[in-house]
Amino acid sequence: MTSTLEARELVVVREDRRILDGASILVPPGEAVAIQGPSGSGKSTFARALATLLEPDAGAVLLGGLDAQRIAPTQFRTRVAFLAQQPAMFEGSVLRNLEAGPQVHGKSLSDVRASELIRAVGLDEPILQREARTLSGGEKQRVALARALANEPEVLLLDEPTAALDPDAGERIVALLRELRARGLSVVMVTHEESHARALGGTLYRCERGRLAIDS
Ligand SMILES: Nc1ncnc2c1ncn2[C@@H]1O[C@H](COP(=O)(O)OP(=O)(O)O)[C@@H](O)[C@H]1O
Ligand SMILES: [Mg+2]
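Figured I'd write up the structure that's included with this text. (Residues numbered from 1 in each chain as written. Chains lettered and ligands numbered in written order. Predicted model: local features only at pLDDT ≥ 70, side-chain atom pairs only at ≥ 80, totals over all residues.)

### Topic: the nonpolar core
Note that soluble globular proteins tend to have their nonpolar side chains buried in a common cluster.
Link 1 in the chain: Counting residues in hydrophobic clusters, the biggest one holds 60 residues, and the most contacted among them are Phe46, Ala146, Leu156 and Leu157.
Link 2 in the chain: Counting residues per element, this core draws most heavily on helix 5 (residues 137-149), at 6 residues.
Link 3 in the chain: Those residues within four positions of Phe46 in sequence are excluded, and the remaining contacts are Leu10, Leu20, Ala23, Ile35 and Cys207. (Core = buried A, V, L, I, M, F, W, Y, C linked by C-beta atoms within 7 Å. Buried ≥ 20, exposed ≤ 12 C-beta atoms within 10 Å, placed from the backbone. Helix = DSSP H or I, 4+ residues; strand = E, 2+ residues; numbered from the N terminus. Contact = placed C-beta atoms within 7 Å.)

### Topic: the pairing of strand 4 (residues 58-63)
Link 1 in the chain: Pairing analysis gives 5 bridges linking strand 1 (residues 5-14) to strand 4, with the strands arranged antiparallel. Of the residues in strand 4, the one forming a bridge with Leu5 is Leu63.
Link 2 in the chain: Alignment of strand 4 against strand 5 (residues 66-67), held across 2 bridges, turns out to be antiparallel. Bridge pairing links Leu63 to Leu66 in strand 5.
Link 3 in the chain: Here strand 4 folds back onto strand 5, and the loop between the two strands holds 2 residues, one of which, Gly64, carries a positive phi near 60°. (Pairing = 2+ DSSP bridges.)

### So, the sheet that holds strand 7 (residues 155-159)
Link 1 in the chain: If you trace the 6 strands from one edge of the open sheet to the other, you get 6-7-8-3-9-10, paired in mixed fashion. Strand pairing shows two members of the sheet lacking a second neighbour, strand 6 (80-83) and strand 10 (211-214), which therefore form its edges. With direction set aside, neighbouring strand axes in the sheet form an average angle of 20°.
Link 2 in the chain: As defined by bridge partners, strand 9 (residues 203-208) adjoins strand 10 across 4 bridges and the pair is classed as antiparallel. Looking at strand 10, one finds that Arg206 is bridged to Ala213. (Axes fitted to C-alpha atoms, helices over the stretch in contact; angles between N-to-C directions.)

Laid out in structure tokens, this is it:
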């Protein structure tokens, strides 16, 4: 079951500036949402606040109608997976990276599941044995996605997942996000690239001066 993720009127003030100025969003179960906007408009701040990695000065984040402050952080972060622009790989093989999340919850990852995950992100099994830190940027993005999927999240929240990639690799990541959404995940993608925002094929929000509005 996937839950609705919502941000209500988030305000973040830094150095007397309202970096977020009442930013709201609604992500119904299984929806794709792209947030597009110019550099400095507050997209990353919003993504981090929505992921509860940053506490807003006002407003609330809700998951399944429940205030995120009432949900244990480890549980929230399992249900809402946050992927940074250039995800850091843990030391060791790709397989070790995929096992890390379930291990935190005292679970093991079967070989069959590891193969499923790696194929779900468009990679082949031999990569499981490779040293994760030696992969290309596009491969790391995919492994980070597989690593997030190992925790069976409800929502994928990505900040500029394509910005560090060449155009082809970027387009493949967007295509992959569309596929994951088709399997029932909610996807929230922040990007400054309008073409990628549109290619995601869901609701498009525009971020300007710390506020979000649906773009039609
Ligand atoms: N911790 C901080 N302290 C002061 N200013 C910040 C901080 N974080 C972000 N900002 C400023 O807030 C604005 C929005 O930043 P950010 O959310 O990173 O925008 P975007 O991701 O859209 O480029 C920028 O002007 C940035 O310099
Ligand atoms: Mg940013």
